[in-house]
Amino acid sequence: MKNVFKVYGTLWFLIFLLYLLHWSDLLLKLDIKVLLFLVVLIGISFFLGQVFKGYFRLIKLDETTIAKKHRHMQIKGRIICVYFILVFLVARNIPLLRVLQGQVVGDVNMTLIPGVTVIMTAYVIYSSFEFSYMYAFYKDKMALKYNLIILMYFILMVSRQYILICLAIFLYSMYMARFTKKFDTVKKKILGLCILVIAVAILMYGFGVMGNMRYGNKWAWNDSSMIFALGEGNQKWPQWIPKEYFWSYIYLTSPLSNFNVNVLNFLPNNNWGQFISELIPDVISNKFNVVHAPVYLPVSSLNVSTSFIGAYRTLGIIGSYMILLLLLTIIAIIILLTYEYRREQLFPQLCGILYVLFMSFFTNPFVFSVTGILILIMIMESFRVKLKIKK
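For the structure given in this document, a descriptive report is provided here. All values reported here derive from a predicted model rather than from experimental measurement. The written sequence of each chain sets the order in which its residues are numbered from 1. Two thresholds apply to this predicted model, a pLDDT of at least 70 for residue-level local features and 80 or more for giving and counting side-chain atom pairs, whereas whole-chain, interface and lining totals are computed over all residues. Working from all heavy atoms in the structure, the side-chain values ignore hydrogens and water.

**Considering helix α2 (residues 32–51)**
Move 1: Counting from the N terminus, the helices are DSSP H or I runs at least four residues long and the strands are E runs at least two residues long. To estimate the expected span of a helix, subtract one from its residue number and multiply by 1.5 Å. For α2, built from 20 residues, the straight-helix expectation of 28 Å at 1.5 Å per residue is met to within 8% by its first-to-last C-alpha distance of 28 Å.
Move 2: Of all the residues in α2, the buried ones are V34, F37, L38, L41, I42, S45, L48 and G49. The arc enclosing the buried residues of α2, seen along the axis, measures out at 130°, which places them on a common side. In α2, the exposed positions angled more than 90 degrees off the buried face are occupied by I32, L36, V39 and F47.
Move 3: Pairs of residues are marked as contacts when any of their non-hydrogen atoms sit within 4.5 Å. For α2, the elements touching its buried residues are α1 (4–21), α10 (244–265) and α14 (317–341).
Move 4: Polar contacts here mean pairs of N or O atoms no more than 3.5 Å apart (in protein, one a potential hydrogen donor and the other a potential acceptor; neighbouring residues in sequence count only if both atoms are side-chain atoms). For α2, the N-terminal capping position is held by D31, with its side-chain oxygen 2.8 Å away from the main-chain nitrogen of K33. Here the term buried applies to any residue with accessible area under 20% of the maximum for its type, exposed to any over 50%, and partly exposed to those in between, with areas from a 1.4 Å probe on protein chains only. The arc in question is formed by the directions pointing from the helix axis toward the C-beta atoms.

This is the structure in C-alpha cells:
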C-alpha cells in the first residue's frame, strides 16, 4: 500500500507546479504566506510519511477471515441495494435519462430521503473500497458484483465525483494486487508508471467529457468552450492538449487560486465560533443554521477553495495551520488504531483516507458532509475494535 502522507505531499507539489504554468488568468501570483504554507504542508507530509513508513504493510487474510468478510459484504451489499431501490422510488426520477434528453443536471429535481442520503452515500463509498479490496486481492466475485451495482447507481445519478473515486480506487486496488509484485525491476517499474499515467489521463479526459455532458444539449460532449471561457483559459494553453483536460486543470488549480485571492485581499474576523463550525459536517451544522465565515470567489461557479480557506477567514493563516494539523493528526490516529487492532481492514481504511485527503484539495473534508461522515465511519471502525478488545 502506498504511503498516504507522501502521496498527499506529492500531489500538493504537483498542483503547485500546475499552478505555476498559469494557463488561466485567474491564477494570480501566490502570496508569501500561501507559498510558505505550501512548503510547510509538503514538508510535514513527507516527515509523517517517514515516521509512518512501516504502517502501510498489508497482511494476507486467512480463510476464516475471508469467509467472515464475505458474509459481512453480502449483508452490506443487500442493504445498499435496498437503499438504491428506495432512492429511485422516492425520487421518481433518473438524472441520467434527463441529461440524455437535454436537461442540465443541476436542473433535475430529485426528492431525497431526509437525514439518510448523506450518511448512506458515505457508507456506500466506504463499502465500495471494501468490495474493491476483496475482489482485487482475493477474487471475490460477489464483491465485484456489488461494486458494479454501486458504479451503475452513481452513473444513473450522474454523480461525477463518486464515479471517479470508485473507479480510481478499483483501478488502484487492481494495480496494487495484481501488478505491484510484477514490477520488480527498473524497466518494469517504468512500465508500471506509464500504465498509471495513461490511466490517469483517461480518467481526466472522461472527467472533462462528463463535465460537458452535464450541461445537456447546450454543449457537445467534446465542446469545452464553456469551461475554457469560465475558467479564463489563456493563450498559454498548449494547442496539442484537448481542452477536455482544462476541466481537470481548472478544478485542480482554482481551489489554490481562491485560497490565494482571499489571503491577498481579506483579513480574518477572529471569530472562534465560526472556526469551530469548520469542524462540523454540513449535514449537522445546517440543522442549527450555523453561519460559516464568508468566502470570496472570483468566479462563483468555481466554488471550491481548499480545506483551509474558511479557517483563514476566521483565524488567519494560523487557523489554516490548525486545520492542517488536526486533519493529519486524525488520519495518523486512524492509521495507528487500524494497524494495531484491525489490520485486515487497513486497505479500505487507507483508501478512505486517500479520498479524504484528495477532497481536502477542493474543500474542507470536515465540513463536506460525505467526507465528514466518512471520517466518523473510519474513526468508529477503529474505536469499535479497540473497545471490543479491551473487554
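**Details of a nonpolar patch on the surface**
Move 1: Together, L11, F13, L14, L17, L20 and F358 make up an exposed nonpolar region whose accessible area comes to about 500 Å².
Move 2: The biggest single contributor to the nonpolar patch is α1, with 5 residues.
Move 3: Summarising the element assignment, L20 is placed in helix α1.
Move 4: Judged by its relative accessible area of 45%, L20 falls in the partly exposed class. Think of a patch as exposed residues, more than 30% relative accessible area, with no salt bridge, where like charges cluster within 9 Å and nonpolar side chains (Val, Leu, Ile, Met, Phe, Trp, Tyr) cluster within 5 Å. Residue-level accessible areas treat just the shown protein chains as cover; the underlying method is Shrake-Rupley with a 1.4 Å probe. A pairing counts as a salt bridge when a side-chain nitrogen of Lys or Arg comes within 4 Å of a carboxyl oxygen of Asp or Glu.

**Observations regarding helix α3 (residues 63–91)**
Quick reminder: α-helices carry 3.6 residues per turn. Residues three or four places apart thus point the same way.
Move 1: Taking 1.5 Å per residue as the helical rise, α3 with its 29 residues ought to reach 42 Å, and the 42 Å between its terminal C-alpha atoms agrees with that figure.
Move 2: Among all positions in α3, only I66, K69, M73, K76, G77, I80, Y83, F84, V87 and A91 are buried.
Move 3: For α3, the secondary structure elements touched by its buried residues are α5 (117–138) and α6 (141–156).
Move 4: Its side-chain oxygen 3.2 Å from the backbone nitrogen of T64, D62 forms the N-cap of α3.
Move 5: A positive backbone phi angle near 50° is found at R92, which sits one or two residues after α3.

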